[in-house]
Amino acid sequence: MTALLDRVAKAASTTAFGLSALAVAFFLFAAAIVVGFLFWQTNKLFTDQVLATLTAEARILSSEMKVGGQVKLVETVTALSRPQGTGLYYLADGTGAKIAGNLNRIPPELEAQGRGGVFSYQPLNGDGPSHLAVAIPVDLGTGLRLIIGRDVEDQRVFANTIRFVFLLGFGILSVIGLLGGLAVSRLIVNRMDQITAASRQIMEGDLSRRIPTTGRGGELDALANSLNEMLERIEGLMNGLREVSDNIAHDLKTPLNRLRNAAEAALRDPRGEDAYREGLERTIEKADELIKTFNALLLIARLEAGPLEESTETFDLGRFVADVSELYSPAAEEAGFALTIDVEQGVFIRGNRQLIGQAIANLIDNAIKYSRGGEPGSAITVRAYRIDGRPAISVGDHGPGIEKADRERVLKRFVRLEASRTKPGTGLGLSLVAAVARLHHGEVRLEDNQPGLKVVLLLSSRCLIAAPEQMRDDVPGLAAQ
Amino acid sequence: MANSGSSVNPTAGLPRRLGDGRLNSEGREDEGRTHTMRVLVIEDDKETALFLQKSLKENGHTADLAHDGEAGLSLALDGAYDVLIVDRMLPRLDGLSLIKSLKSEGNRTPVLILSALGEVDDRVKGLRAGGDDYLTKPYAYSELLARVEALGRRTAPEEQQTRYSVGDLVLDRLSHRVTRGGEHILLQPREYRLLEYLMQHAGQVVTRTMLLEHVWDYHFDPQTNVIDVHVSRLRAKIDKNFDKPLLHTVRGAGYTIRDGPA
């Protein structure tokens, strides 16, 4: 019982309940005004009608007085007073003594006013409750006083009934309205409780929790859905972060340990100065490797945090890809590869030139590193082109390729396939390429080059710019750069 | 990322640069080698600042230190320095604001920005604020020295020079002709630009990263020593058939072109 009361109290204290209570109050107020006005109008109409009837009767009686004199009038009033009707009469002489009629006395309400009005009286036959009546004085101009009236007790009872019905109606309405408000707020409170409970669990660390939705598509569902999307993103970022810290622990601790070992070994070396020099050189070498890994990690993290506005440029993709490839072609030749550059002319894009350059560098470097050079058919092909209106860069080799099952995985940070563990590298090359692709709203596809691997860096069509002349007008501030 | 370089040994093999007034074959003082520079290091980490001061001194330069932005700014405005080394994060006045105020005062001393922020955007922001070069921490000292010396040379008037010569190697910037001992050497456009940059900094050490940034305009890590292959191809053209090598590899630092021992 107290639990129920608590819940009711909780529901009653909600905004939803407050709002529905307010709505009910406004409705009742409006209804009361309308009903009150109707009641008053009806009452007035009815009273006017009675007064009109009485005025007509008064005219008849006064003409009778003129024609037949006092005797005739007394006779008529006595006759009219006799039937058990609704007519009320009182005829008195100048001194106020009653001559005829069915009223006992002049009603004090009328005595005071001296004109027509509403009063209550005690019916002659019986001692029941007093009745309500309407009466007017009739001016006979002879010192006689005549009051005629109508008993309106039936109307009063009727009006009372109506009033009771209305009040009852209002009462029922208020109760139903408040209960409705409570029910609505219970519903909302329940949804809110679910959301609160879910977010509390999420705050406690269970990032996989989602806010339940009803699937009916209301605004609360819309809210829950967008909160869920936000949670999805947060969970993704958190997982990424967790993965990174796990990997940092794993992949940075090992080289750090090696660095420490190198320093210690040099210290213990009996050869002295020469050994120290060698040891220090090795230490710096290892520190540089660590810095490289660290920088790559930080860059990926930065790319995933959002766009880099300051360093976005407009440039000719084909020319740039050819340019970067040219940087590598002597190194590739030396390693025994034929580097083919095949670029489409006139593909202008707006993007981060340096990062795209880094991505191409990583891909060519991977191709050189992971496929065997110096054999017939040891070729690397770098292309820049458009697919379905999207700028794309591809680097293909004829090396061992990557198994279909592993393709998704190698884009992740620090993933190095068993076969390549012995090769130098941070394991971050492809994930950086993927991050650069995401920064340009694109993606990385790993395809079979038959044989070998073809990596396609696909940028968004949004990066594409129609023509260099146009772009100068479209991009404010470009000319100033 | 772009600045991690490939240096192994920061000072080994680096020549000590003293103002000994050696003359090159044309009888002109070889500024790059003999120029002693006054450097102002504005860096709040005292250990780093002292290390830089000591190292620069070893290489024949003098260095003053300032440990916060305000002190650094007033020193920079008062003293006639050849190069300023400015850390980006400084107490009292941050590095970028310092550079902005300095430039707005009309001071044209070249500035090398040191920063732990190595993101692509940060470099652009640093250069836009008026920095002349940007080096990301952690850096190799050899990289820093090479850049400081390149910046110090920048104020010298030979920027407008139309002809560079080292020994009997001559590069004519107007006709784009390269000759050695009067013999014409045919170079690819990129090889020409590589040689042009090296000769512009004749006598100085030029790092691989500097070559990548200035000859190719790339600010990313090429992963492998791609530059070495380009340099060795250039070397094959300019040094191979001649007695005296001019293009030298400076171990752990980069390359230098000079007439004389490396």
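Criteria and thresholds
- Residues numbered from 1 in each chain as written.
- Chains lettered and ligands numbered in written order.
- Predicted model: local features only at pLDDT ≥ 70, side-chain atom pairs only at ≥ 80, totals over all residues.
- Pairing = 2+ DSSP bridges.
- Helix = DSSP H or I, 4+ residues; strand = E, 2+ residues; numbered from the N terminus.
- Axes fitted to C-alpha atoms, helices over the stretch in contact; angles between N-to-C directions.
- Contact = placed C-beta atoms within 7 Å.
- Buried ≥ 20, exposed ≤ 12 C-beta atoms within 10 Å, placed from the backbone.
- pLDDT = per-residue confidence, 0-100.
- Expected span 1.5 Å × (residues − 1).

## As for the sheet that holds strand β2 (residues 98–101) of chain A
All names here are of chain A.
Consideration 1: If you walk across this open sheet you meet the five strands as β2-β1-β5-β4-β3, and the pairing is antiparallel. Each of the sheet's edge strands pairs with one partner strand only, and the pair in question is β2 and β3 (117–121). Averaged over all pairs of adjacent strands, the angle between strand axes in this sheet comes to 30 degrees, irrespective of strand direction.
Consideration 2: Docked against the sheet, helix α2 (residues 15–81) engages β1 (87–92), β2, β4 (131–139) and β5 (145–151), running at close to 55 degrees with respect to β4.

## Here's the deal with the pairing of strand β10 (residues 390–396) of chain A
Consideration 1: The buried count for β10(A) comes to five of seven residues, which makes it a mostly enclosed element.
Consideration 2: Here strand β9 (residues 379–387) of chain A hands over to β10(A) after two residues, with A:D388 in that stretch at a positive phi of 45 degrees.

## Digging into the confidence of the model for chain B
Consideration 1: The predicted model of chain B has a mean per-residue pLDDT of 81, with 83% of residues at 70 or higher.
Consideration 2: When the criterion is pLDDT under 50, residues 1–34 of chain B qualifies, and its contacts beyond four places in sequence or with other chains add up to 91 contacts.

## Thoughts on the environment of B:S175
Consideration 1: Relative to the elements of secondary structure, B:S175 occurs in the loop between β7 (169–172) and β8 (177–180).
Consideration 2: Separated by 13 residues in sequence, B:S175 and B:T162 have C-alpha atoms that sit 9.4 Å apart.

## A word on helix α4 (residues 153–203) of chain A
Residues and elements named next belong to chain A.
Consideration 1: Compared with the 75 Å implied by 1.5 Å per residue over 51 residues, the 73 Å span of α4 between its first and last C-alpha is a close match.
Consideration 2: Within the span of α4, buried status applies to G181, L182, S185 and V189.
Consideration 3: One or two positions beyond α4, positive phi appears at G205, with a value near 120 degrees.

## Thoughts on the sheet that holds strand β9 (residues 183–185) of chain B
Residue and element names in this part refer to chain B.
Consideration 1: If you trace the four strands from one edge of the open sheet to the other, you get β6-β7-β8-β9, paired in antiparallel fashion. In this open sheet, the two strands that pair with only one neighbour each are β6 (163–166) and β9. Across the sheet, the mean angle from the axis of one strand to that of its neighbour is 25 degrees, orientation sign disregarded.
Consideration 2: Across four bridges, the pairing between β6 and β7 is antiparallel. Across the sheet, S165 pairs through a bridge with V170, a residue of β7.

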